[in-house]
Amino acid sequence: MCGIVGYTGSMEAAPILLDGLSKLEYRGYDSAGMAVFDHNKLHSAKAKGRLKVLYDRTDGGKTLKGQSGIGHTRWATHGIPSEVNSHPHFNSSGTIAVVHNGIIENYIQIKNKLIDKGYQFISETDTEVISHLLDYYYDGNPLSTIAKVVNRIEGSYALGILFSQHPGDIYAIRKDSPLIIGVSETGNFIASDVPAILKYTRNVYYTDNKEIVHLNGNQAKFYNLDLKEIQKDLSVVEWDIFAAEKYGYEHFMLKEMYEQPKAFKDTILPRIKSNEIHLEELSLSDEVIKKLRKLYFVACGSASHICHTAKYVMEGMARIPVEVDLASEFRYRNPILEPDSMLVVISQSGETADTLAALRLAKENGIKILSIVNVVGSSIARESDSVLYTWAGPEIAVATTKAYTAQLAAVYLLSMHFGKIRDTLSTTDLNDLLTELQTIPDKIQSILDRKEQMQHFANRYIGAKDIFFIGRGIDYAASMEGSLKLKEISYIHSEAYAAGELKHGTISLIEEGTLVAATLTQEALYKKMLGNIEEVRARGAFVLALTNKGNEEIEKNADYIFYIPKTYEYFTSCLVNIPMQLFGYYVAVGKGCDVDKPRNLAKSVTVE
Ligand code: F6R
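Criteria and cut-off values
- Residues numbered from 1 in each chain as written.
- Predicted model: local features only at pLDDT ≥ 70, side-chain atom pairs only at ≥ 80, totals over all residues.
- Heavy atoms only, no water.
- Pairing = 2+ DSSP bridges.
- Helix = DSSP H or I, 4+ residues; strand = E, 2+ residues; numbered from the N terminus.
- Axes fitted to C-alpha atoms, helices over the stretch in contact; angles between N-to-C directions.
- Contact = heavy atoms within 4.5 Å.
- 1 Å grid on protein atoms, 1.4 Å probe; cavity = no way out; pocket = protein on both sides within 12 Å on 5 of 7 lines; lining within 4 Å.
- Points joined across faces, edges and corners; volume = space filled by probe spheres on them.
- Nonpolar A, V, L, I, M, F, W, Y, C, P; charged D, E, K, R; others polar.
- Near = heavy atom within 4 Å.
- Polar contact = N/O pair within 3.5 Å; in protein donor to acceptor, adjacent residues only side chain to side chain.
- Areas by Shrake-Rupley, 256 points an atom, 1.4 Å probe, with all protein chains shown as cover.
- Salt bridge = Lys/Arg side-chain N within 4 Å of Asp/Glu carboxyl O.
- Buried < 20%, exposed > 50% of the residue type's maximum accessible area, 1.4 Å probe, protein only.
- Phe/Tyr/Trp six-rings, centres within 6.5 Å; stacked < 30°, edge-to-face > 60°.
- Lys NZ or Arg CZ within 6 Å of the ring centre and 35° of its normal.
- Domains from an automatic or database assignment.

**Some words on the sheet that holds strand β19 (residues 322–326)**
Part 1 of the reasoning: Taken in spatial order, the five strands line up as β19-β18-β20-β21-β22 in an open sheet, and their pairing is parallel. Both edges of this open sheet fall to β19 and β22 (386–389), since each of them pairs with a single strand only. For this sheet, the mean angle separating the axes of adjacent strands, direction not counted, is 20°.
Part 2 of the reasoning: The pairing of strand β18 (residues 294–299) with strand β20 (residues 341–347) spans five bridges and is parallel. By the bridge assignment, V298 is partnered in β20 with V345.
Part 3 of the reasoning: Strands in contact with helix α13 (residues 402–421) are β18, β20, β21 (368–373) and β22; relative to β21, the strand with the most contacts, it is inclined by about 140°.

**Here's the deal with the layout of surface pockets**
Part 1 of the reasoning: Taken as a whole, the largest pocket encloses approximately 570 Å³ of empty space.
Part 2 of the reasoning: As for the largest pocket, its lining consists of 25 residues, of which C300, G301, S302, A602 and V605 are closest to the centre.
Part 3 of the reasoning: Elements with a minimum of two residues in the lining of the largest pocket: α9 (301–318), β20, α11 (353–364) and α17 (474–490).
Part 4 of the reasoning: Each residue belonging to the lining of the largest pocket can be placed in one class, and the counts come to 10 nonpolar, 10 polar and five charged.

**Observations concerning the site of the ligand**
Part 1 of the reasoning: As a structural note, the neighbourhood of the ligand is formed by 14 residues, with S347, Q348, S349, T352 and E488 the closest of them.
Part 2 of the reasoning: Here an oxygen atom of the ligand sits 2.6 Å away from a polar atom, N or O, in the main chain of Q348.
Part 3 of the reasoning: S349 places a side-chain nitrogen or oxygen 2.7 Å from an oxygen atom of the ligand.
Part 4 of the reasoning: Protein coverage of the free-state accessible area of the ligand, which is 410 Å², stands at 88%.
Part 5 of the reasoning: Counting residues per element, the ones that place at least two in the shell around the ligand are α9 and α17.
Part 6 of the reasoning: Tallied by class, the residues present in the shell around the ligand amount to five nonpolar, seven polar and two charged.

**Quick look at the pattern of salt bridges**
Part 1 of the reasoning: According to the stated counting rule, one finds 34 salt bridges in the structure shown.
Part 2 of the reasoning: A salt bridge links E281 to R271; the shortest N-O distance between them is 2.7 Å. Residue E281 is found in the loop between β17 (276–277) and α8 (286–291), and its partner R271 is found in the loop between α7 (260–268) and β16 (272–273); the two are separated by 10 residues along the sequence.
Part 3 of the reasoning: For R271, a relative accessible area of 3% gives the class buried.
Part 4 of the reasoning: Bridged by salt links that share partners, the residues R293, K294, E323, D325, R333 and E338 form one connected network.

**Notes on the environment of A220**
Part 1 of the reasoning: If you trace the backbone, A220 turns up in strand β13 (residues 220–223).
Part 2 of the reasoning: Expressed as a C-alpha distance, the spacing of A220 and S86, which sit 134 residues apart in the sequence, is 28 Å.
Part 3 of the reasoning: Residues contacting A220, with those up to four places away along its chain left out, are I181, V183, N188, Y205, H214 and L215.

**Considerations on the sheet that holds strand β26 (residues 542–548)**
Strand pairing within a sheet occurs via backbone hydrogen bonds; the two strands may be parallel or antiparallel.
Part 1 of the reasoning: A sheet is described by the order of its strands in space; here five strands give the open sequence β24-β23-β25-β26-β27, paired in parallel fashion. Pairing within the sheet leaves two strands with one partner each, and these edge strands are β24 (493–498) and β27 (560–564). Averaged over all pairs of adjacent strands, the angle between strand axes in this sheet comes to 20°, irrespective of strand direction.
Part 2 of the reasoning: Bridge count between strand β25 (residues 515–520) and β26: six bridges; the pairing is parallel. For L520, the partnering residue across the bridge sits in β26 and is T547.

**Some remarks on the packing of aromatic side chains**
Part 1 of the reasoning: Tallied over the entire structure, the rule returns 19 aromatic pairs.
Part 2 of the reasoning: Judged by centre distance (5.8 Å) and plane angle (35°), the rings of Y249 and Y258 are tilted.
Part 3 of the reasoning: An aromatic cluster of three or more residues is present, and its members are F457, Y461, F542, Y560 and F583.
Part 4 of the reasoning: Its end group placed over the ring of F222, K232 keeps NZ or CZ at 5.9 Å from the ring centre.
Part 5 of the reasoning: The ring of Y491 is capped by R599, whose NZ or CZ atom sits 3.8 Å from the centre of that ring.

**Digging into the domain arrangement of the protein**
Part 1 of the reasoning: When its domains are assigned, the protein resolves into domain 1 (3–237), domain 2 (245–438) and domain 3 (451–608).
Part 2 of the reasoning: Averaged C-alpha coordinates put domain 2 and domain 3 at centres separated by 24 Å.
Part 3 of the reasoning: Listed per partner, the contact involves 43 residues of domain 2 and 36 residues of domain 3.
Part 4 of the reasoning: Summed over the shared surface of domain 2 and domain 3, the result is zero salt bridges.
Part 5 of the reasoning: At the boundary of domain 2 with domain 3, the tally comes to 13 residue pairs in polar contact (both at pLDDT 80 or more).
Part 6 of the reasoning: Elements supplying a minimum of two residues to the side of domain 2 that touches domain 3: α6 (252–258), α7, α9, α11, α13 and α14 (427–437).
Part 7 of the reasoning: In terms of residue count, the dominant contributor to the side of domain 2 that touches domain 3 is α9 (nine residues).
Part 8 of the reasoning: For the side of domain 2 that touches domain 3, the residue count by class is 21 nonpolar, 14 polar and eight charged.

What follows is the structure, given as structure tokens:
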């Protein structure tokens, strides 16, 4: 939700800012802007629409001269997407510029007070109060000014700030919105996310809440709100620079789908040695794992579908009861948190506001947190007691694919590990599962190699109005993800149903020709699913079946079949997931949708 970037150093800032923003556009893409310091003044350019408009307007940044600047790509929260609402926002004399990611919750009170004091506002944004408040408190020292402002504002923020009286300096601060600091020989950076600066440096500092950052071309300094300098450790980002580039693929989403075998492999292989799982990184003693009486799996969106899958996998392998919740529900439902339980949160970005709030709620109640996270150094990772990183690399497309598959890999590892320690999996079963787990990347690849089959099928459904996904058990969890993938990028209405639930209402929606994607990978539920398929076909549905190779008799029951390679039932979710992603992708491409940046959405939902 909004991306910010800043650069100060020996190179021209604007082209670097535009380049950085292009890597952050997944965070918001309704308008963009930059402010650059040159000849004792702040100069700015803003444009409504995609970053390309700002790029063209500034001739790739050439018309905005200067070697220090800040930039922003917006996902509107307060005020429509427009030039005047786009960032940076300024004080009235134009000497202070601010870019902001987050929401200032008490902005109306502050705005009213500032208006009483004679300040004039030009935008509808919450952010504009910050630029005026900085002006109000400005005492010549940016550090003390920022500290005063931070004491007044409530909500979430990552701020990049320029003061024209402090040439070449960038100030920044965050609370509950991501902000990293990059340092290099040719200058220093602020950014909402690593891909924005990966081309220039891998050396980063992760900032904590309310630490003031002061950068110039040569140094990066950090202060607490008492203005005492803090020493921080430099980290080196492992991500591959090409991971954040499209690299010849038409869309990031397609590229990321193709990166799934690698994401799966990278997540499991470093943790398997001599056919044994090693999760020492969790720092969880066997005693704690044995005593666990309940696990709460909590997340948002696609990551919440992983939680549903985890219920089947973890309960099946480790016999620990699992409660699944959407983070936005969990945080407000006054959950009963039992002793000897643990909260498992799942998040690609590690910054999702509701997931972070759920984590904090559980922590305040004395519950230990284990997180499955993709972004190293993210807020969720930093606030958890144990972290199991997914090694999917940067995910740029708004719709998650490879991070989702890597999250499944992490859930499998965790469930097997807990199952071993709790003695609920025999050594033979564990060995077999582990051997099979290592074949999954090739099986995913073999499905990707048949992408044309799904492309061909998807082309028939470009004009569809409603599409249903049905399944039972673990296949129901997979169906939820298939349905979300389709609707979020193709704008076709879709719903996922537990197949046994259809006749309790939903079946009335089935009309002649309605597509129903039925997933049947579980032997014990196979016949039940065949029954459900018959029910919808009898009402005119066209049935796409996703099932295991070997179930060829289904050709009598379904209209179109996509086979997945045979595997253990627990692992089918990461295989059926692939044709569903391909289906959603090709329907969206066929409709001419902007697959990587679907309307109204943004990756990394750092606001509630
Ligand atoms: C859908 C999608 C979202 C995210 C959700 C949680 O394709 O990507 O539903 O899964 O916003 O995001 P993270 O995993 O970053 O917490």
